[in-house]
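Structure assessment
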Amino acid sequence: MATFLYRLGRLAFRRRHFVALIWVALLTLAGVGAASAPVAGSSSFSIPGTEAQKAFDLLEQRFPGMSADGATARVVFKAPGGEKVTAKADKAVVEKTVRDLRDGSEVVSVADPFAAHAVSKDGTIAYAQVKYKVSGMELKDASKDALKQAAQSARNGGLTVEVGGDALQAVPETGATEVIGIAVAAVVLVITFGSLVAAGLPLLTALIGVGIGVSTITALASALDLGSTTSTLAMMIGLAVGIDYALFIVSRYRAELAEGREREEAAGRAVGTAGSAVVFAGLTVVIALVGLAVVNIPMLTKMGVAAAGTVAIAVLIALTMIPALLGYASRKVKPAGEKSKLLGGGRAAAARQDRPNMGTRWASFVVRRPLAVLLLGVVALGAAAVPASKLQLGLPDDGSQPTSTTQRRAYDLLSEGFGPGFNGPLMVVVDAKASDHPKSAVTQVTDDIKGMKDVVTVTPATFNKSGDTAMITVIPGSKPSSTTTEDLVHGIRDAGAGIKADTDAKLLVTGTTAMNIDVSQRLNDALLPYLALVVGLAFLLLIVVFRSILVPLKAALGFLLSVTAALGAVVAVFQWGWLSSLMGVEETGPIMSMMPIFMVGVVFGLAMDYEVFLVTRMREAYVHGETPGQAIVTGFKYGARVVTAAAVIMIAVFSGFIGSSESMIKMIGFGLAIAVFFDAFVVRMALVPAVLALLGRRAWWLPKWLDRVLPNVDVEGEGLRIRADADRRDPDADQDRELVRV
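For every chain, the first residue of its written sequence is number 1, and the numbers climb from 1 along that sequence. Owing to the predicted nature of the model, reporting of local features is limited to residues with pLDDT of at least 70; listing and counting of side-chain atom pairs is limited to 80 or more, with chain, interface and lining totals taken over all residues. Each side-chain value is worked out from all heavy atoms of the structure, with water and hydrogens disregarded.

Here's the deal with the overall build of the chain
- Helices and strands together make up the secondary structure of the chain, namely 25 helices and 11 strands.
- With 742 residues in all, the chain has 55% of them scored as buried.
- Should any heavy atoms of two residues lie within 4.5 Å, those residues are counted as being in contact. Taking all contacts inside the chain whose residues are at least 6 apart in sequence as the whole, residues at least 24 apart take part in 79%.
- What sets the accessible areas is the Shrake-Rupley method with a 1.4 Å probe; for residues, cover comes only from the shown protein chains. Summed over all atoms, the accessible surface of the chain reaches about 31,500 Å², with 60% contributed by carbon and sulfur. Each helix corresponds to a stretch of at least 4 residues labelled H or I by DSSP, and each strand to a stretch of at least 2 residues labelled E; elements are numbered beginning at the N terminus. Burial here depends on accessible area, computed with a 1.4 Å probe over protein chains only, as a share of the maximum for the residue type. Under 20% is buried, over 50% is exposed, and the range in between is partly exposed.

Structural data, given as C-alpha cells:
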C-alpha cells in the first residue's frame, strides 16, 4: 500500500492543476445540488419491529386520514391571577383562538377545551389540541405563523398562552462557538507548523471536504429522508478528522524535507507513510459509523452512513489534494524545525537538535516508570467513570427544553394544571378484529387499565368506522421520563396477554412516551452486539496494520477505559448538573438513549486514529532495528507533537458544538470532546507507552502461521526504504523506471 500511495502522492503533486480542478468541480456540483434541493426536514422516526411502531402502523391502516404521525400542538391558556378561563371574557378569547386555529389548510382537527373537558379542576388552565396532516418539520411556514399569531392574539386578550408539541419544532442552531472551535484549530496549526501557509492547508482541505459532504447530504435530504441533525453530525466529525488527517500528512512532508529530499519526493513519501496510517485510521472510523446499522433504527443508520461518507471524502482529499496544494505552496511550506519569517525569521532547527523535544522527554520518563504511570492513569480514568454506574437513559421531550422556550413553558403549565403525567399520555390501541365481541373486549381493557397503579385518567374509547379497532388514552401520574411511567407501560403490555386469551383482542401501547421506551430498549439490546462487531472488525484490521496480537488488544482495552470515563463525565454534567451552567445546560435529566452507542461508535473510530498514527511510528522504528524502548521514544519524538495538536484541534471542533440549541447536539459535542481528551492524553500518551514498555518485545509478537496468512500492507513504508536503498546503489534506476512508465 505504501508504494501505491507514494505514487499517488507524486502524481497529485505533479498534476496539481488537474487534482484541484476535480475537487473544486465536485464542491461546485454538490453546492448547486444543495441550493436547488428542498430544505432538509425531520427524518421520519420509525423503529421497525417495536410494539409502538406496530401500533402506529395499525392506526394508519384502520384510521385512514388520521395522520397518526402528524404534528401536534397544545395551545395552553392560563387565566390572569384570581380569574378562571371559564369566566365569560376569558372563555370568549379561548373560543375565538380555537376558531382561528381551525382555518389552516394543514389542520386536521382542533379540540375545543370546553367541549373536550380540557380544563383543570381549579379552572385556571385549559388547552386546545391541534392536529396536523404532516410532521413538524414538514409544516409550511404559513401554518406555523398562523399558530404563533393565534397564540399572540390570545395573549393580547389578557391570557398567558404557550404552545407545546412538535408543531413549532425548529432546525437546531450551533451558535458562535462552532466558529470559535475552528479559530482555535487554526491557532494550534500555526503554532505546530510555524507557518501560516502550512497551517492553512489542513483547514482549507477540511472545509472543502465538509462542504462536499454536507452539501451532498443536503441535496439528498428530501429523497433519502435525512433529518437536519444528520448534516450537523457529519459536519462535526468531518471537520475534526479532515483537519487531523491533513495535519499528519503535512507534518510528515515537512519531516521528509528536513531530511533533504526534493519536494515531489517528500510529498510522495508523506502520502506513502502517513497516508497509509490515514487510510487505516479512516477505515476504523467508517467501520464504527456504518456499524450503527446493526441497531436497526433508520434515523441512526442514516446519521452513521452520512458521517462515514464525509470521513471517506476527508481521507481522499488528504491523499490527493494535500500533495497538490503542497505543489502550489512550494517553498512557503518549510522543513520541520523551520519557521516562516513572519513567525520566527526562518530559523533552522540545527540550534536545537541536541535538545530532546517534549515528546522524547515524556516517553523516556514513561519507559523508566511504566508501572507507576499505568496505575495512575487507570485510577484517574476509573474515578472519572464512577458516575457512569448511575447512568439513566431516556429521550428528550419538551421538559428538557430551555425555560426560555414556549414549548417548555407549555410543558410546565400542563404539569401545573393536570399533573406531570399529562405531558406523556399513553395511547392504547385495541385490535379487536379477531374478537367476537369487540366492544366487550375494549370495555375489559379499559376496566383493567383503570385498576392499575399510577393511572390518573382513562378516556372513553374511540372506535374506527368498522368498529373493530379502538383507541384509548391513558394519563399516567408520573412524568414521561420516570421509571414509574415505564413500569406502567410494561404493566399494560403484560396485561395484553390475558386480554388476548379471554377475548382474542390484541392490545398495543404507543405514543411518544412508549416509543421512547422502545427506542431505549432497542439501543440497550444492541449495544453488546454492536461492540462485538465494531471492535472485532477493527481488531482484525489492526492486527493487519501492526502485525501483532497484543497491540490491538491493548488498543481496544484502552478505548473501553476512555469511553466509560467519558460517559461518566456526561452523566456528571447532564444528569447530575455538575458545571451545568458553564455548559449552558438549563435542565438536567436522563441521558439521551442513543448517546452510549453513538459515543462507542464515534469514539472508537477516533481513538484508533491516534493509536494508528502514534504506534505506526513506533513499529516503523522497531522494524528498522531499534529496541522496544528506543522505538517508543522514537515514536513519541516524531509523533507526540502532531498527535497532541490533532487532539487539541479535535477537542476544539467538538467543543464548538456545545453551544448548539439542540440538547442532542450539545450532549454529543461535549461527550466527544471529553472522550478525545481522555483517550489522547491519558490512554494514548500515557497508558500506551507504559503498556508497551512493560511488554517489551512481546508487544510485537505474532504467531508465524498468522504472519504467513496476513497480507502485508506495509504501513511503515518498508517498501519505500528498500526502493531508496536500491536507488542509492543504482542512481539511474529511478530514471529508468520513469522512462518505462512513459
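Having put the structure on the table, let's press on.
Section: the packing of aromatic side chains
- Classification of ring pairs rests on two measures: the distance between centres of Phe, Tyr or Trp rings, Trp counted by its six-membered ring, which must be within 6.5 Å, and the angle between planes, read as stacked under 30 degrees, edge-to-face over 60 and tilted in between. Scanning the model with the defined rule gives nine aromatic pairs in all.
- A centroid spacing of 5.0 Å and a plane angle of 65° characterise the contact between Tyr127 and Phe422, whose relative ring orientation is edge-to-face. Of this pair, Tyr127 sits in strand E3 (residues 125-132) while Phe422 sits in the loop between helix H14 (406-418) and strand E6 (426-431), placing them 295 residues apart in sequence. For the pair Tyr127 and Phe422, a shared accessibility class is recorded, and that class is buried.
- A centroid spacing of 4.7 Å and a plane angle of 25° characterise the contact between Phe418 and Phe422, whose relative ring orientation is stacked. An identical accessibility class is assigned to Phe418 and Phe422; each is buried.
- Ring pairing ties together the aromatic residues Tyr127, Phe418 and Phe422, which thus form one cluster.
- For a ring to carry a charge above it, either NZ of a lysine or CZ of an arginine must fall within 6 Å of the ring centroid while also lying within 35 degrees of the normal to the ring plane. Just above the ring of Tyr328 sits the side chain of Arg16; from NZ or CZ to the centre is 6.0 Å.

Focus: the environment of Val378
- Here Val378 is to be found in helix H13 (residues 370-385).
- In the structure, Val378 is positioned 305 residues away from Val683 in sequence and 8.6 Å away in space, judged by C-alpha atoms.
- Ignoring anything within four residues of it in the chain, the contact list for Val378 reads Leu561 and Leu687.

Notes on the confidence of the model for the chain
- Per-residue confidence from the prediction method is given by pLDDT, with values spanning 0 to 100. A residue-level look at the chain finds 89% of positions with pLDDT of 70 or above and a mean pLDDT of 83.
- This stretch, residues 346-352, has a pLDDT under 50; its non-local contacts, to residues over four places away or in other chains, come to 11 contacts.

What to know about the pattern of salt bridges
- A side-chain nitrogen of Lys or Arg and a carboxyl oxygen of Asp or Glu constitute a salt bridge if their distance falls within 4 Å. Applying the stated criterion to the full structure yields 19 salt bridges.
- Among the salt bridges present, the one from Arg409 reaches Glu162, with a minimum N-O distance of 3.0 Å. On the criterion of sequence distance, the pair formed by Arg409 in helix H14 and Glu162 in strand E4 (residues 160-165) is long-range, its members being 247 residues apart.
- Overall, the relative accessible area of 9% leaves Glu162 in the buried class.

Structural notes on the pairing of E6
- Where burial is concerned, most of E6 is hidden: five out of the six residues are buried.
- As defined by bridge partners, E6 adjoins strand E9 (residues 469-476) across six bridges and the pair is classed as antiparallel. Each residue of the ladder has a partner; that of Val429, found in E9, is Met471. Any two strands with at least two DSSP-identified bridges between them are counted as paired.

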